Amino acid sequence: MTKAEVITKISDKTGIQKDDVTQAVEAFFKVVKDSMADGENIYVRGFGSFINKKRAKKIARNISKNTAIVIDEHYIPAFKPSKVFIEKIKNSKKIKELAPQE
C-alpha cells in the first residue's frame, strides 16, 4: 500500500478532505523524522516505537578490491511494533491465508 492509498483510506473512513489528511500525514512524518534526527525516540501506545538503533564500529571487506573498510559507529532508524500490534498480525485471517501451507 502506498502513502496515497493510505491517505485515501483515512479520508474515506473519517470523511475528512484528502488535502487535510495529506497535510496531517506529511506533518506526522516530518515530526517523526525531525525528532529522530534530534535523537528522540517516539512511542505510540498500542502501535509501536520509532527508535534510533546504535550500530557498533566494525571492519568490513570490499571484496572487489580486497581491502578493509572501517565503518564507524552510527545510528539507524528502526520500528519496533507493540505487543498489541504483533498479536493483531499473528491472529489475522488474511495473513494466515497468504502463508504457505505445510
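Residues numbered from 1 in each chain as written. Predicted model: local features only at pLDDT ≥ 70, side-chain atom pairs only at ≥ 80, totals over all residues. Heavy atoms only, no water.

Asker: Teacher, can you tell me more about a nonpolar patch on the surface here?
Answerer: There is a patch of nonpolar side chains on the surface, built from M1, V6 and I10 and spanning about 270 Å² of accessible area. Along the chain, M1 falls in the segment before α1 (3–14). Judged by relative accessible area, M1 falls into the exposed class, the value being 68%. (Patch = residues over 30% accessible without salt bridge, like charges linked within 9 Å, V, L, I, M, F, W, Y side chains within 5 Å. Areas by Shrake-Rupley, 256 points an atom, 1.4 Å probe, with all protein chains shown as cover. Salt bridge = Lys/Arg side-chain N within 4 Å of Asp/Glu carboxyl O. Helix = DSSP H or I, 4+ residues; strand = E, 2+ residues; numbered from the N terminus. Buried < 20%, exposed > 50% of the residue type's maximum accessible area, 1.4 Å probe, protein only.)

Asker: Looking at this structure, I do not really get the packing of α1 against helix α2 (residues 18–37). What am I missing?
Answerer: Think of two packed helices as two axes; the pair is described by the angle between the axes and how far apart they sit. Remark: α1 packs on α2, axes separated minimally by 9 Å, with the N-to-C direction vectors making an angle of 125 degrees. With respect to their mutual orientation, α1 and α2 come out oblique. The hand of the α1/α2 crossing is right-handed. Residues K3, I7, T8, I10 and S11 of α1 form the contact with α2, whose own contacting residues are K18, V21, T22, V25, E26 and F29. Across the contact of α1 with α2, the residue classes tally to five nonpolar, three polar and three charged. (Axes fitted to C-alpha atoms, helices over the stretch in contact; angles between N-to-C directions. Parallel < 35°, antiparallel > 145°, perpendicular 65-115°, else oblique. Left-handed = near helix turned anticlockwise from the far one by under 90°. Contact = heavy atoms within 4.5 Å. Nonpolar A, V, L, I, M, F, W, Y, C, P; charged D, E, K, R; others polar.)

Asker: How should unusual backbone geometry be read in this particular structure?
Answerer: With the exception of glycine, the majority of residues adopt a negative phi angle, and the majority of peptide bonds are in the trans configuration. The phi torsion at N66 lies on the positive side, around 55 degrees, for a residue other than glycine. According to the relative accessible area criterion, N66 is exposed, its value standing at 57%.

Asker: Help me out: how do you make sense of the sheet that holds strand β1 (residues 42–44) in this one?
Answerer: Sheets are built from strands that pair by backbone hydrogen bonding, the pairs being arranged parallel or antiparallel. If you walk across this open sheet you meet the three strands as β1-β2-β5, and the pairing is antiparallel. Of all the strands in the sheet, just β1 and β5 (74–81) have a single pairing partner and so form its edges. The mean angle between the axes of side-by-side strands here comes to 30 degrees, regardless of whether they run parallel or antiparallel. Here strand β2 (residues 48–55) pairs with β5 via eight bridges, running antiparallel. Paired with K54 across the strands is Y75, a residue of β5. Running at roughly 30 degrees to β2, α2 makes contact with β1, β2 and β5 of the sheet. (Pairing = 2+ DSSP bridges.)

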